[in-house]
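Take a look at the letters that make up each chain.
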Amino acid sequence: MMPSGHIQIAAVMGHPIAHSRSPFLHKFWLKEYGLNGSFVALDVTPENLQKELRALPSKAFRGTCVTIPHKETTAQIVDELDESAHAIGAVNLVTVLPDGRLRGQNTDGYGFIENIRGHGTWEQSRKHAIVFGAGGAARAVVYALAQEKFEAITILNRTRAKTEALTASIQPAVKAKLQVADWAARNDVLKDADVLVNTTSLGMDGHPPLEISIEQLPSSALVTDIVYTPLATPLLKAAMDRGNPTQDGLGMLMHQARPAFKAFYGQDPDVTPALRQALVDDIQKTHT
Ligand code: NAP
């Protein structure tokens, strides 16, 4: 716990920043736990990123969340990286250390796993995961699945070169066998999957759906989508229709913010149905 009477300040940096849900989440928890803290959204251009990050200690900020398009560049700027940020090559949480140095972490993979842990046949079978996409979020998801001791992870992306770059950089850090398949083979690789993850932006509001037939997927396989607008993406609807366990992407968003809140304000916050409902209402309000 922080000393009372002393306001803890933290931020989220991105460009643009209006889309970020971080202020909503952190302000919800500050109120929930009655903490004396503030959280601000900062629109920081790529040219100003280094200057703004370096100014955090002198402005007495505890740290900052980092969002699009700064996650990769921040990994180059901070003084030290935790293991996951190093392996993923991207940072979404910067904390100011007592000596003023900056530490970069990546909590996206943590949020992803916390959201799906315990679902489907998680405890019985964690052999083969399939990941669609090879963008920034995919890197965090693949690394996190490998940490959860999956034996093999098959990654498919429209642009195959990005899949190969992802596996080349993450494979040395993990035991799981990372394998690449062609995007065109996405209906045919599903036979023995325990988990299927969409990390592409397909299925998101304003984007085309992910075109796929999941007929060959075992009915016990967990299907999860990290897109959360809409909550029930076409992929999740198709999985629900045939009785597969499913999990939407909103939990990842909530759980990835927990280590940041703990680092800024000293409290490990809970992800509750009330928070989820408040977030759903806020997303609906800003989408209409
Ligand atoms: P990104 O780095 O821009 O990657 C986008 C991915 O989508 C790439 O794999 C890209 O393939 C693929 N893609 C885009 N359009 C496509 C199309 N028409 N056909 C096939 N593939 C297509 O984005 P990101 O940061 O990884 O984010 C991806 C999604 O995850 C976004 O919708 C984001 O909102 C969501 N997300 C959710 C959370 C959460 O907390 N739930 C966290 C992070 C991200 P190419 O490489 O071929 O372009």
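Quick caveat, the model's predicted, so the values are computed rather than measured. (Residues numbered from 1 in each chain as written. Predicted model: local features only at pLDDT ≥ 70, side-chain atom pairs only at ≥ 80, totals over all residues. Heavy atoms only, no water.)

## Concerning the packing of aromatic side chains
Filter applied, for reference: Between rings of Phe, Tyr and Trp, where Trp is taken as its six-membered ring, a pair exists when centres lie within 6.5 Å; planes separated by under 30 degrees are stacked, by over 60 edge-to-face, and by other angles tilted. Runs of H or I in DSSP of at least four residues are treated as helices and runs of E of at least two as strands, each being numbered from the N terminus. Exposure classes here rest on a 1.4 Å probe applied to the protein chains alone. A residue is buried below 20% of its type maximum, exposed above 50%, and partly exposed in between. Whether a charge lies above a ring is judged from NZ of Lys or CZ of Arg, which has to be within 6 Å of the ring centre and within 35 degrees of the ring normal.
For the coordinates displayed, the defined rule picks out 7 aromatic pairs. Between Tyr33 and Phe261, the ring centres sit 6.4 Å apart and the planes meet at 40 degrees, which makes this aromatic pair tilted. Of this pair, Tyr33 sits in the loop between α1 (22-32) and β2 (37-43) while Phe261 sits in helix α10 (residues 258-265), and the two are 228 residues apart along the sequence. Among the residues examined, Tyr33 registers a relative accessible area of 25% and is labelled partly exposed. Grouped by ring-pair contacts, the aromatic residues Trp29, Tyr33, Phe39, Phe261, Phe264 and Tyr265 constitute a single cluster. The lysine or arginine in question, Arg186, covers the ring of Trp183, its NZ or CZ lying 4.6 Å from the ring centre.

## Digging into the site of the ligand
Going by this rule: Distances are taken per atom, and a residue is near a molecule or strand as soon as one of its heavy atoms is within 4 Å of it. Any N or O atom pair separated by 3.5 Å or less is treated as a polar contact, with the protein-specific requirement of one donor-capable and one acceptor-capable atom, and with residues adjacent in sequence counted only for side-chain atom pairs. We get accessible surface area from the Shrake-Rupley algorithm with a probe of 1.4 Å; when it comes to residues, only the shown protein chains can shield them. All residues other than Ala, Val, Leu, Ile, Met, Phe, Trp, Tyr, Cys, Pro, Asp, Glu, Lys and Arg, Gly among them, are scored as polar; the first ten of these are nonpolar and the last four charged.
Within the structure, the ligand sits among 21 residues, and Ala137, Asn157, Thr159, Lys162 and Ile226 are positioned closest to it. Note that an oxygen atom of the ligand is positioned 2.9 Å from one of the side-chain N or O atoms of Arg158. Its free accessible area being 920 Å², the ligand has 76% of it covered by the protein chains. Secondary structure elements with two or more residues in the shell around the ligand: α6 (136-147) and α9 (250-256). In the shell around the ligand, the residues fall into 10 nonpolar, 9 polar and 2 charged.

## Some words on the pairing of strand β11 (residues 222-225)
Our working definition: For two strands to be treated as a pair, DSSP must find at least two bridges joining them. The handedness rule is simple: strands pointing away from the viewer, and a clockwise path from the first strand over the helix to the second, make the crossover right-handed.
Side chains Leu222 and Thr224 project from β11 onto one buried face, and the interleaved Val223 and Asp225 project onto a second face that is buried too. Strand direction decides the pairing type here: strand β10 (residues 195-198) and β11, joined by 4 bridges, are parallel. Residue pairing across strands places Val195 opposite Leu222, the latter belonging to β11. Pairing analysis gives 2 bridges linking β11 to strand β12 (residues 246-247), with the strands arranged parallel. What sits directly across from Val223, in β12, is Thr246. In this fold, the crossover linking β11 to β12 by way of helix α8 (residues 234-241) has right-handed handedness.

## So, the nonpolar core
Put simply, the rule is: As used here, the term nonpolar core means buried Ala, Val, Leu, Ile, Met, Phe, Trp, Tyr and Cys residues forming a set that is joined through side-chain atoms within 4.5 Å. Start and end points for every domain follow an automatic or database-based domain assignment. We call two residues in contact when some of their heavy atoms are within 4.5 Å.
Within the largest apolar cluster, 31 residues are counted, with the highest numbers of intra-cluster contacts made by Phe112, Val131, Leu145, Ile153, Leu178 and Val197. Elements with a minimum of two residues in this core: α4 (83-88), α5 (108-116), β7 (128-132), α6, β8 (152-157), α7 (160-170) and β10. Broken down by element, the residue count for this core peaks at 8 residues, all from α6. When residues of this core are assigned to domains, at least three fall in each of domain 1 (8-106 + 252-286) and domain 2 (120-244). Once residues within four sequence positions are removed from consideration, Leu178 is found in contact with Val142, Ile153, Ile155, Thr167, Ile170 and Gln171. With 24 residues, the next largest nonpolar core counts Ala10, Leu250, Met254 and Val280 among its residues.

## Details of the domain arrangement of the chain
Put simply, the rule is: Computed with a 1.4 Å rolling probe, the buried area is the accessible surface lost when two parts are put together, summed over both parts. Take a side-chain nitrogen of Lys or Arg and a carboxyl oxygen of Asp or Glu: if they are within 4 Å of each other, that pair is a salt bridge.
Along its sequence, the chain is carved into domain 1 (8-106 + 252-286) and domain 2 (120-244). The distance between the C-alpha centroids of domain 1 and domain 2 comes to 26 Å. The junction of domain 1 with domain 2 conceals about 890 Å² of combined surface from both sides, 71% of it contributed by carbon and sulfur atoms. Taken as a group, Ala87, Ile88 and Met252 account for 51% of the area that domain 1 buries against domain 2, more than any other trio of residues on that side. Our enumeration of links across domain 1 and domain 2 arrives at 0 salt bridges. The interface formed by domain 1 and domain 2 contains 2 residue pairs in polar contact (both at pLDDT 80 or more). Looking at the side of domain 1 that touches domain 2, the elements with two or more residues in it are α4, α9 and α11 (273-287). If you tally residues by element for the side of domain 1 that touches domain 2, the top one is α4, at 4 residues. Partitioned by chemical class, the residues of the side of domain 1 that touches domain 2 number 6 nonpolar, 2 polar and 4 charged.

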